[in-house]
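Here is how the chains run, residue by residue.
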Amino acid sequence: MNLVIAAVILWLAAMWVNIRIANGPADDSQGAKLAVPLIFGLTLLAMWEMIVRGMEVPMVILPAPSVIAARLTSSIPILWADFVQTFVKGALSGYVIGVIAAFVAAIAVDRSDFLRRGLLPVGNFVAALPIVGTAPILVMWYGFDWQSKAAVVVVMVFFPMLVNITAGLQETSAMQRDQMKTWAAGYWQGLWKLRLPAAMPFVFNGLKIASTLALIGAIVAEFFGSPIVGMGFRISTSVGQLALDMVWAEIVVAAIAGSLFYGGIAVIERIVTFWHPSQRRG
Amino acid sequence: MTMTDPSPVISAKGLDLTFQTKDSPVQALRDVNLDIGAGDFVSFIGPSGCGKTTFLRTIAALEQPTGGTITVNGMSPEAARKARAYGYVFQAAGLYPWRTIAGNISLPLEIMGFSKAERAERVEKTLALVDLEGFGGKYPWQLSGGMQQRASIARALAFDADILLMDEPFGALDEIVRDHLNEELLKLWARTGKTIGFVTHSIPEAVYLSTHIVVMSPRPGRITDVIKSPLPRERPLDIRDTPEFLEIAHRVREGLRAGHAYD
Amino acid sequence: MRIVCAKDCARGMLMIRNVFPVLTVVAVIFGIWYLACVPMNIKTALTEAERAGATVSTPGARERRDMSAIGLALANPAQWRDTFALKKPRLPAPHQVAVELWQTTVEKKITSKRSLVFHGWITLSATLLGFAMGTVGGILLAVGIVHSRAMDMSVMPWAIASQTIPVLAIAPMIIVVFNSIGVQGLIPKAIISAYLSFFPVVVGMVKGLRSPSAMQLDQMRTWGASKSQSFWTLRLPSSVPYLFTSLKVGIAASLLGAIVGELPTGAIRGLGARLLTGSYYGQTIQIWSALFATAILAAGLVAVIAGIERVTLKRMGYGK
Ligand SMILES: Nc1ncnc2c1ncn2[C@@H]1O[C@H](COP(=O)(O)OP(=O)(O)OP(=O)(O)O)[C@@H](O)[C@H]1O
Ligand SMILES: [Mg+2]
């Protein structure tokens, strides 16, 4: 019980600190912007630990962070194998294939106004559907291993990418295209020098959306059948064994993988679209 | 207009252009006859919507005439474009933000297949021509509006076409910068001997720059007067205060009024 | 306001202009689908034909296993028709899916365990409950964030970061944890749905509540408006378009959450369960019809919100 009271006191103290920083003179500094969410997050973590211990919450309901951390560090080989199976083999390969396919399709569509007008609404419609539902079908077609997971990811990634690339390719102004004409530029020159670079902000928007979808697709597809390795497999079997510390460890790995994937794309975006007003510094 | 040169660089005969719009057709040009000789500086002036842009775009093969003929260097506008006969400067600078100034200027050269060495050489040369030495490595958004417009002129000059078509290139700039660029443009014209077609709304600008001023009037767009300037080719800025200058300006203004009186 | 109308009218015209291309594309997709059925299902069709006594190009299912499906299809045109009528095809033909959809919705009693309406309702109720919880929670948090700088700085970075991680992975655990404290069925799934729709609503709503310009806020101040007055008369109305954009994302996420919530514990009711049992027993037609049912449900939900959006925005004067 004492631990629970301590948790409440800790919460009040931390919030007091945060309010002081947020309304203090240095509230706009880089340090404050980092410190406040960090204090908030760490406080939540500490409270979680204290309350779970203080109230002796059983592990099958909520393991304490320290237990999760211990499981994480002691199961690194398993977690790594799962990560490779689900993220590298399933999500990443599907992501790459899906993005490339979307580019090819977008350029094909781009050459015909009719196709663009027809395919874009369909693509928009499909992009809003719960495409993970195709997982059982694709698992049936491509087997239990990573190929079927990659296939699910391809389908999930393809439509949002297609929609974004096509929209991006429309981004140039009539003046810019006329300019290209006055230089007697061909289709591919115009595409390569003008329209693709101009489309990049849209492309990266799509890439970021797709990165989250890819990981979701790869994990959920494993719920429909997988070899005895993989993040989704581990989550569903550990849940069955009530080994929630393992489930949480996988979730931590998934969170880290997801945010690194997203962050990595955001960094590349910064480099590639440095010229875009939203990315210009200062 | 009568020229010393027997074969005009640009020649329009009975040119008609009608836009088919949803509600009613718009006749943007009607029976336009104009010859522009080599080395002329021709300004187009007239009220908004009188077809100045349309005429320039027709020369550049960006619009197809619906009647009459137009030739550029004795060829069809398309053929002239393929032969890289002209550079076109749009009203907005339209530089690519992802390319440096040098990269922007070398863009048409890349499209036209110039070698890397030659591109570098021409970029340097044209940067100097528009007074932008040392700014090649900067990005467009790091430059002022006037500098951007100069870069866009440089882009049209880089491949050294004999004809330069400019559609209100200085429209968005302030008076002082505009004066400066006008002066620079005249120097450049004197140095290179190019044929220039120039759209403007400013009477002083037209008179200051041109050897010929084409006055147009709207609905339907047509040429109402072509004024040949008696001013010498060498023109300091203060020529604008001389009686000759004011006299031509007056004639242009009268021409514009007459055009307006039609409707 | 005029601009919005122009955009609206333009959208209407665009839709009419696009009908023919869209129909063409859809027709082509169905054409490809039918065509694909032949090579996809030819091996099963040949096995069944052989069993029924027909002679086929290469006898013996074992012999055919590693042969090219397209080659087999070309060699056995007599069995093409069979490929559209198998019981457990690898790829069911569109009309098979349509028939199954019809039979399991219109022709079945709603209370039947085989009725898709029944399963759809199980999923839909969890979706809607979760969506309502997520939306209310999201709006409240957004209001807090906009009014408290400490809350903004503490929570907002986490809200944004949480959108980059596959939160769906938590779904099975939530189901099991609730199971172990004796709660089953609707509530755990609704919580997953709520969780998935919560963050999009927070992020969108914060954006919306912040959308009034500094000038508009200053103007409020010159009239001596209180914080709550400017909230109700300026911030909240300005946030509505943003809210609807997030609601459309949120409802799709909620449905996804409810479906995934039905997967892990071997649930037997709900569209997710239909997908899962279909895949256990190789009932491909069942999988496909469940898949289409989820698609129709998702499209319907988004359309309903879009409809409410249109009416609301018009009432509020955005559409005039
Ligand atoms: N693509 C088009 N479709 C239909 N009508 C057009 C098109 N382009 C121009 N017009 C019409 O043709 C006429 C001439 O237009 P143009 O742009 O050549 O005028 P302008 O003299 O350049 O005017 P401004 O000084 O405003 O630039 C106008 O009435 C305009 O509405
Ligand atoms: Mg114009």
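- Identification of chain B as Sulfonate ABC transporter ATP-binding protein from Litorivita pollutaquae is taken from an unreviewed UniProt entry.
- The record held by UniProt for chain B lists under Sequence similarities (unreviewed entry) the comment "Belongs to the ABC transporter superfamily."

- For chain A, the name recorded in an unreviewed UniProt entry is ABC transporter permease, with Litorivita pollutaquae as its organism.

**Description of the interface of chain B and chain A**
Line of reasoning, step 1. Between chain B and chain A, the residue contacts involve 24 residues of the former and 18 residues of the latter.
Line of reasoning, step 2. Summed over both sides, the interface of chain B with chain A buries roughly 2,100 Å², with 68% coming from carbon and sulfur.
Line of reasoning, step 3. At the junction of chain B and chain A, the tally comes to six residue pairs in polar contact (both at pLDDT 80 or more).
Line of reasoning, step 4. Those elements that provide at least two residues to the side of chain B that touches chain A are α2 (77-82), β5 (86-89) and α3 (101-111) of chain B.
Line of reasoning, step 5. Sorting elements by how many residues they give to the side of chain B that touches chain A places α3(B) first, with four residues.
Line of reasoning, step 6. Here the residues of the side of chain B that touches chain A sort into 16 nonpolar, one polar and seven charged.

**Section: the sheet that holds strand β1 (residues 10-19) of chain B**
Within a sheet, adjacent strands bond to each other through the backbone by hydrogen bonds, running parallel or antiparallel.
All names here are of chain B.
Line of reasoning, step 1. If you trace the three strands from one edge of the open sheet to the other, you get β2-β1-β4, paired in antiparallel fashion. Of all the strands in the sheet, the pair left with one neighbour each is β2 (26-36) and β4 (67-72). Each neighbouring strand pair of the sheet contributes to a mean axis angle of 25°, computed without reference to strand direction.
Line of reasoning, step 2. In this sheet, β4 lies alongside β1 in antiparallel orientation, the contact comprising five bridges. Bridged to S11 within β4 is T71.
Line of reasoning, step 3. Together, β1, β2 and β4 form the strand contacts of helix α1 (residues 52-59), whose direction differs from that of β1 by roughly 120°.

**So, the domain arrangement of chain B**
All names here are of chain B.
Line of reasoning, step 1. Its domain assignment divides chain B into domain 1 (10-85 + 161-260) and domain 2 (96-158).
Line of reasoning, step 2. Of note, the centres of domain 1 and domain 2, computed from C-alpha atoms alone, are 25 Å apart.
Line of reasoning, step 3. The interface is formed by 13 residues belonging to domain 1 together with twelve residues belonging to domain 2.
Line of reasoning, step 4. Taken together, both faces of the contact between domain 1 and domain 2 bury some 1,100 Å²; the carbon and sulfur share is 69%.
Line of reasoning, step 5. Seen at the junction of domain 1 and domain 2, the total is zero salt bridges.
Line of reasoning, step 6. Applying the counting criterion to the domain 1 and domain 2 interface returns one residue pair in polar contact (both at pLDDT 80 or more).
Line of reasoning, step 7. Those elements that place two or more of their residues in the side of domain 1 that touches domain 2 are β6 (163-167) and α6 (175-192).
Line of reasoning, step 8. Element by element, the count of residues in the side of domain 1 that touches domain 2 is highest for α6, at six residues.
Line of reasoning, step 9. Classifying every residue of the side of domain 1 that touches domain 2 gives eight nonpolar, one polar and four charged.

**So, the environment of C:G204**
Residue and element names in this part refer to chain C.
Line of reasoning, step 1. Turning to its location among the elements, G204 is positioned in helix α8 (residues 186-209).
Line of reasoning, step 2. Taking the C-alpha atoms as reference points, G204 and A142, separated by 62 residues in sequence, lie 8.6 Å from one another.
Line of reasoning, step 3. Ignoring any residue separated from it by four or fewer positions in sequence, one finds G204 in contact with Y242 and S246.

**Points about the side chain of B:R155**
Line of reasoning, step 1. Position of B:R155 among the secondary structure elements: in helix α5 (residues 145-157).
Line of reasoning, step 2. It is B:E110 that comes nearest to the buried, bridge-free B:R155 among opposite-charge side chains, at 11 Å.
Line of reasoning, step 3. The residues contacting B:R155, other than those within four sequence positions of it, are A:Q179, A:W183, B:A93, B:G94, B:L95, B:Y96, B:N104, B:I105, B:L107 and B:P108.

**A few points about the pattern of salt bridges**
Line of reasoning, step 1. On inspection of all chains with the given rule, the structure shows 22 salt bridges over all chains.
Line of reasoning, step 2. The partner of A:D178 in a salt bridge is A:K181, with the nearest N and O atoms 3.9 Å apart. One end of the pair is A:D178 and the other is A:K181, both in helix α8 (residues 174-182) and three residues apart, which spans about a single turn.
Line of reasoning, step 3. Linking B:E63 and B:R57 is a salt bridge whose minimum nitrogen-to-oxygen distance equals 2.9 Å.
Line of reasoning, step 4. Among the residues examined, B:E63 registers a relative accessible area of 18% and is labelled buried.
Line of reasoning, step 5. Accessibility expressed as a relative area gives 16% for B:R57, which makes it buried.

Quick notes on the rules
Residues numbered from 1 in each chain as written. Chains lettered and ligands numbered in written order. Predicted model: local features only at pLDDT ≥ 70, side-chain atom pairs only at ≥ 80, totals over all residues. Heavy atoms only, no water. UniProt positions renumbered as here; feature names shortened; annotations may be inferred. Contact = heavy atoms within 4.5 Å. Buried area = accessible area lost by both parts, 1.4 Å probe. Polar contact = N/O pair within 3.5 Å; in protein donor to acceptor, adjacent residues only side chain to side chain. Helix = DSSP H or I, 4+ residues; strand = E, 2+ residues; numbered from the N terminus. Nonpolar A, V, L, I, M, F, W, Y, C, P; charged D, E, K, R; others polar. Pairing = 2+ DSSP bridges. Axes fitted to C-alpha atoms, helices over the stretch in contact; angles between N-to-C directions. Domains from an automatic or database assignment. Salt bridge = Lys/Arg side-chain N within 4 Å of Asp/Glu carboxyl O. Buried < 20%, exposed > 50% of the residue type's maximum accessible area, 1.4 Å probe, protein only. Lys, Arg positive; Asp, Glu negative; His and termini not counted.

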